[in-house]
Amino acid sequence: QVQLVESGGGLVQAGDSLRLSCAASGRTFNAMGWFRQAPGKEREFVAAISWSGSSTLYADSVKGRFTISRGNAKNTVYLQMNSLKPEDTAVYYCAADSRLGVTRRASAYDYWGQGTQVTVSS
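Structural notes, computed from the coordinates.

About the criteria used
- Going along each chain's sequence as written, the residues are numbered from 1 onward.
- The predicted nature of this model means local features are confined to residues of pLDDT at least 70 and side-chain atom pairs, given and counted, to a pLDDT of 80 or more, with totals for whole chains, interfaces and linings taken over all residues.
- Just so you know, side-chain values use all the structure's heavy atoms and leave hydrogens and water out.
- Secondary structure is summarised from DSSP: a helix means a run of H or I of at least four residues, a strand means a run of E of at least two, and numbering begins at the N terminus for each.
- Between N or O atoms, a polar contact is any pair within 3.5 Å; within protein, one atom must be a potential hydrogen donor and the other a potential acceptor, and residues adjacent in sequence are included only when both atoms are from side chains.
- Any two residues having at least one pair of non-hydrogen atoms within 4.5 Å are treated as being in contact.
- The definition used for a disulfide is geometric: two cysteine sulfur atoms within 2.5 Å.
- Three exposure classes are used, based on accessible area relative to the maximum for each residue type with a 1.4 Å probe and protein chains only: buried under 20%, partly exposed in between, and exposed over 50%.
- Should DSSP find at least two bridges between two strands, the strands are taken to pair.
- The axes used here are C-alpha line fits, helices contributing only the stretch in contact, and every angle between their N-to-C directions lies in the interval 0 to 180 degrees.

## Observations regarding the side chain of Asp88
And then number 1: Among the structural elements, Asp88 can be located in the loop between β8 (76-81) and β9 (90-98).
And then number 2: Within the structure, Asp88 has its side chain in polar contact with the side chain of Arg65 (distance 2.8 Å).
And then number 3: If we skip the residues at most four places from it in the chain, Asp88 touches Arg36, Arg65, Phe66, Ser83, Val118 and Val120.

## What to know about the state of the cysteines
And then number 1: Per the counting criterion, the structure on display carries one disulfide.
And then number 2: What pairs with Cys22 in a disulfide is Cys94, and their sulfur atoms sit 2.1 Å apart. Taking the sign of the torsion about the S-S bond as the criterion, the disulfide between Cys22 and Cys94, at about -75°, is left-handed. Here Cys22, found in strand β3 (residues 18-25), pairs with Cys94, found in strand β9; they are 72 residues apart in sequence, far enough to count as distant.
And then number 3: Judged by its relative accessible area of 0%, Cys22 falls in the buried class.

## With respect to the sheet that holds β8
And then number 1: Pairing is antiparallel in the open sheet, where four strands are placed in the order β1-β3-β8-β7. The outermost strands of the open sheet, each flanked by one partner alone, are β1 (3-7) and β7 (66-70). Adjacent strand axes in the sheet meet at a mean angle of 15°, parallel and antiparallel pairs treated alike.
And then number 2: Looking at chain direction, β1 and β3 are connected through five bridges and run antiparallel. Its bridge partner lying in β3, Glu6 is registered against Cys22.

Listed below in structure tokens is the structure:
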């Protein structure tokens, strides 16, 4: 049974850092990614990483502040978020097994986690 479990969300102040984790189980996944959805907005791409970790892709809004990485076991993905801003407030979702490799297209990912809330106060 495929399962993605996110953790690490919380309430922080602007300028703080958080590290999200996504533990995936049930099979080996190729590209994985992070998306987020703020209240009243559509889900948007944040970052993606290839199976090997050698290829990454970031949304312009987080480039230079967020870093995506994979654990040695490959089925754990991390999102290090630095210099957080109030506009980063959202539910963050882990996505796995993109049929298009490293991509910002949500429809390409077959599996999704339940999400973890990140709230950044000003």
